[in-house]
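A closer look at the structure
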Amino acid sequence: MARNPRYDLLFEPVKIGPVTARNRFYAVPHAAGMTNSMPQMRAAFRATKAEGGWGVVCSGYVSIDPGSDDTPLPYATLWDDDDVRSHALMTEAVHRHGALAGIELWHGGGSVMNRLTRTAPISPSGTGWMATHVGFMGNQRPRVMEAQDIRALLAAQAAAARRARQAGFDIVYVYAGMGYLPYEFLLPEWNARTDAYGGSLANRARIVRELLEVTHEAVGGRCAVALRVSLEELRARPSASAASEAHELVALLADLPDLWDVKLDSSPTDCPPSRFAAEGSHEGVIDFVKRLTSRPVVGVGRFTSPDTMVGQIRRGVLDLIGAARPSIADPFLPSKIDQGREQDIRECIGCNICISSWHDSVPVRCTQNPTIGEEWRRGWHPERIAPAAGSASILVVGAGPAGLECALSLGRRGYEVTVAEAAEDLGGRLRFETRLPGLAAWGRVLDWRRGQLARLGNVAIYRGNRLSADDILGLGNTHVVVATGARWAKLLWSPLEVAAGSLAGPGVLTPDDIAAGTRPQDPVVVYDFDNYIMGGALAEHLARGGHSVRYVTPAGHASAWTIMSNEQPQVHRALAAAHVAVHTLTRVTGFEAGVVTLASQFTDALSRHECGSLVIVGARFADDALHAALTARPAELADAGIRSVARIGDALAPGAVVHAVYSGHRYARELDADPAGLTARRDAPLARSA
Ligand SMILES: Cc1cc2nc3c(=O)[nH]c(=O)nc-3n(C[C@H](O)[C@H](O)[C@H](O)COP(=O)(O)O)c2cc1C
Ligand code: SF4
């Protein structure tokens, strides 16, 4: 198919200092959890984006000095020549596919604890990051930077820039974003210095200017020098000489960087979940930058629509379309637009499971793209899959995220696939979950798979078809895959932190009951110890539907785990806006005669509240009765020619949608594969010179 001429603009080359990007698609710096400890995985992961058409592919954050150590978070290092070899694997791989390679040189300043190197952290005025996120908390505070520390910082940046050039990078960054050291100089909260680096914005920006200068000098005109800077706080600050301090900063440094890469200040605003921010959410902060510089500008905003991208360029907001998450969800996004295949783009759903993998310090995972991070380790390619090893017909029972992904991937391999779904609509759990506040974009998991399946002649889908074990034995498929999902349980939470002690009786409900149309009686208590999105989203949903809602959780925050996916601050705001009363560190101990009893987590102090319905959002158990019924009849399975019965997704082990999609995909990849080849390859750091 030919490219739509409306999108030609996206494929114009862009000159960035001494180098030229082949198009306007720019995969911005983002950590992927692989660091220098998994260099082959990292190289293959970045190379896949280059193969998918991105004009520039960047690294994640790369420490320039042992004094900037983010352990246990997954940062990379460029401290010595051994690190050069590790990064060179990536640049070579990216170059093979015709893209430029960028590296984000980083110093964490007062935001890191240097847990590994045990060096005292530094910051402009001895202020540290007083994070409320447990993952970022620490009890090591930085020391005030002295003049010699500033000289050492500039020297470390210059040395790292030289190594970056040696490793083959084309674009070398100065990173002044998100609470890290150069950003700390920009903000008076961090910077109370009285020397030439504090006070006026020109003084506070001096370190950024000098970092840019030493980087230019170090790369000697062979690489472009980019500045990544967070502008949200500065844009909110008045300036005597400009519309805001952000305007003043950009005017001050105007053409010093070869590229401006502009972003927001905190992960929840820079990388917001789709629940709380639409595509292009950065525009209101960064829209002025292009007017103040002649250098190209790249920005982000979960861009997946080529029309939005073209709009950003035509309206003079951006020159290059930056993407982290859209390039994870679909590394082939540019190629698909180039080939006139926009409908094939696997659009990011904004669930932020990817950012949670950064918080977890593991290779990046993605709800939409199960192959991410597995390019080298398992040899999975996002667009290619091995043809079927032989002919076989596979019955997939259940068309939720796992079943649909499994059917699609099996269908692509060429198997004859039948999908039987008990409900009239496809989607499993997502049929309900996408109706919860802000979760409509999660429907892309279904939409994309439905669209792709519709093109496969070898996959038949039957809705409203609840199959029994007897039915299946009569169908004569070669393999049966059970993807029947999971059910929420009416269990309470024990102080041992396990789900225990069943609560039955009228008025006790679960999300399954609400999904099935049960209308709870007011006042409603939502009791959440699942800690992911369901409890908070359901409470908000019921409150917005006119119910009086109380939200109770033994955790310290509502939807406690969503701190990992950048959602939690907004969950609290959303619950407050919907007038939901929130009780944290509290458990439900009983419910009868229209009264719920709550106990304080630490004091056991009791309180009683009127309650019409108690909705328990706690444990989930696999709905695996069909699997059990089938596997209990091995002789009949053999007689029917059924060679295997397997479970996938929630029917195997209840999890988030990301786990379900991965499980369905993995089954499809591994069916009929040589068992000897199924062990994932283990990556290791490149051997150090003595
Ligand atoms: C998994 C993940 C890791 C990230 N790591 C970094 C990083 O190392 N350095 C950085 O400047 N930004 C990082 N970011 C922020 C992104 O570069 C980007 O600014 C943000 O995700 C918004 O862009 P998007 O809407 O295209 O995802 C990360 C984002 C994600 C999702
Ligand atoms: S994990 Fe979710 S937010 Fe991240 S890239 Fe994938 S779909 Fe997008």
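Owing to the predicted nature of the structure, the values given are computational and were not obtained by experimental measurement.

1. Digging into the site of ligand 1
Around ligand 1, 21 residues are found, and the nearest of them are Pro29, Glu104, Arg228, Asp270 and Arg302. At 2.7 Å, a backbone N or O of Pro29 approaches an oxygen atom of ligand 1. Between ligand 1 and the protein, one listed contact pairs an oxygen atom with a side-chain N or O atom of Tyr175 at 3.0 Å. Considering ligand 1 on its own, with 600 Å² of exposed area, one finds that the protein chains cover 96% of that surface. At the level of secondary structure, the elements contributing two or more residues to the shell around ligand 1 comprise β4 (56-63), α12 (325-329) and α14 (353-359).

2. As for the pattern of salt bridges
Oppositely charged side chains are able to pair whenever their charged atoms sit close together. If you walk through the whole model with that rule in mind, you get 40 salt bridges. Residue Asp360 is joined to Arg365 by a salt bridge in which the shortest nitrogen-to-oxygen separation is 2.9 Å. For Arg365, a relative accessible area of 29% corresponds to the partly exposed category. Residue Arg429 pairs with Glu433 through a salt bridge whose shortest N-O separation is 3.1 Å. Residues joined in a network through salt bridges with shared partners are Asp330, Lys336, Arg346 and Glu383.

3. Looking at the packing of helix α2 (residues 81-96) against helix α3 (residues 147-167)
Orientation of α2 relative to α3, taken along the N-to-C sense of each, is 45°, at an axis distance of 8 Å. The orientation of α2 relative to α3 falls into the category oblique. Crossing handedness for the pair α2 and α3: right-handed. Across the interface between the two elements, Asp81, Val84, His87, Ala88 and Thr91 from α2 touch Arg163, Gln166 and Ala167 from α3. Here the residues of the contact of α2 with α3 sort into three nonpolar, three polar and two charged.

4. A look at the layout of surface pockets
Taken as a whole, the second largest pocket encloses approximately 980 Å³ of empty space. Taken together, 39 residues make up the lining of the second largest pocket; nearest its centre are Gly428, Arg429, Arg431, Thr484 and Arg487. Elements represented by at least two residues in the lining of the second largest pocket include exactly α15 (401-413), α16 (430-433), β18 (486-488), α19 (511-515) and α22 (625-631). Considering each element in turn, the lining of the second largest pocket owes the most residues, four residues, to α19.

5. What about the packing of aromatic side chains?
The tally for this structure, following the rule as stated, stands at 15 aromatic pairs. Aromatic pair Trp129 and Phe136: ring centres 5.1 Å apart, planes at 35°, arrangement tilted. Given a relative accessible area of 36%, Trp129 falls into the partly exposed group. A relative accessible area of 15% means that Phe136 is categorised as buried. Members of the aromatic cluster, connected to one another through ring pairs, are Tyr61, Tyr75, Trp106, Trp129, Phe136, Tyr175, Tyr180 and Trp358. The ring centre of Trp380 lies 5.9 Å from the NZ or CZ of Arg378, which sits over that ring.

6. A look at the site of ligand 2
The immediate surroundings of ligand 2 are formed by 14 residues, with Cys348, Cys351, Asn352, Cys354 and Cys366 found nearest. Looking at the shell around ligand 2, the elements with two or more residues in it are α12 and α14. Broken down by element, the shell around ligand 2 gets its largest block of residues, three residues, from α12. Looking at the shell around ligand 2, its residues break down into eight nonpolar, four polar and two charged.

7. Details of unusual backbone geometry
A cis amide bond links Thr71 to the next residue, Pro72, at an omega of 10°. Topologically, Pro72 is positioned in the loop between β4 and β5 (76-77). In this structure, Pro523 follows Asp522 across a cis peptide bond, with omega equal to -15°. Topologically, Pro523 is positioned in the loop between α19 and β22 (524-528). In this model, Met178 sits at a positive phi of 55°, which is unusual for a non-glycine residue. Looking at where Met178 falls in the secondary structure, it is placed in the loop between β9 (171-176) and α4 (181-186). Although it is not a glycine, Leu585 adopts a positive phi angle of roughly 50°.

8. Section: α3
Along its 21 residues, α3 runs 30 Å from first to last C-alpha, staying within 8% of the 30 Å computed at 1.5 Å per residue. At the C-terminal side of α3, Gly168 shows a positive phi close to 100°.

9. Structural notes on the sheet that holds strand β23 (residues 549-552)
Hydrogen bonds between backbone groups are what pair the strands of a sheet, and the pairing can be parallel or antiparallel. In spatial order, the strands read β21-β28-β22-β23-β24; together these five strands make up an open sheet with parallel pairing. Each end of this open sheet is capped by a strand with a single partner; those strands are β21 (508-509) and β24 (581-583). As defined by bridge partners, β21 adjoins strand β28 (residues 613-617) across two bridges and the pair is classed as parallel. Paired with Leu509 across the strands is Val615, a residue of β28.

10. Side note on the nonpolar core
Proteins that are soluble and globular tend to have nonpolar side chains buried together. By size, the foremost hydrophobic cluster in this structure holds 83 residues, and its most contacted members are Leu10 and Leu231. Counting residues per element, this core draws most heavily on α3, at nine residues. Those residues in contact with Leu10 that sit more than four places away from it in its chain are Asn23, Arg24, Phe25, Pro306, Met309, Val310, Ile313, Ile321 and Ile337. Listed in part, the 61 residues of the second largest apolar core include Cys351, Leu509, Ala558 and Val617.

Rules and cut-offs
- Residues numbered from 1 in each chain as written.
- Chains lettered and ligands numbered in written order.
- Predicted model: local features only at pLDDT ≥ 70, side-chain atom pairs only at ≥ 80, totals over all residues.
- Heavy atoms only, no water.
- Near = heavy atom within 4 Å.
- Polar contact = N/O pair within 3.5 Å; in protein donor to acceptor, adjacent residues only side chain to side chain.
- Areas by Shrake-Rupley, 256 points an atom, 1.4 Å probe, with all protein chains shown as cover.
- Helix = DSSP H or I, 4+ residues; strand = E, 2+ residues; numbered from the N terminus.
- Salt bridge = Lys/Arg side-chain N within 4 Å of Asp/Glu carboxyl O.
- Buried < 20%, exposed > 50% of the residue type's maximum accessible area, 1.4 Å probe, protein only.
- Axes fitted to C-alpha atoms, helices over the stretch in contact; angles between N-to-C directions.
- Parallel < 35°, antiparallel > 145°, perpendicular 65-115°, else oblique.
- Left-handed = near helix turned anticlockwise from the far one by under 90°.
- Contact = heavy atoms within 4.5 Å.
- Nonpolar A, V, L, I, M, F, W, Y, C, P; charged D, E, K, R; others polar.
- 1 Å grid on protein atoms, 1.4 Å probe; cavity = no way out; pocket = protein on both sides within 12 Å on 5 of 7 lines; lining within 4 Å.
- Points joined across faces, edges and corners; volume = space filled by probe spheres on them.
- Phe/Tyr/Trp six-rings, centres within 6.5 Å; stacked < 30°, edge-to-face > 60°.
- Lys NZ or Arg CZ within 6 Å of the ring centre and 35° of its normal.
- Expected span 1.5 Å × (residues − 1).
- Pairing = 2+ DSSP bridges.
- Core = buried A, V, L, I, M, F, W, Y, C linked by side-chain atoms within 4.5 Å.

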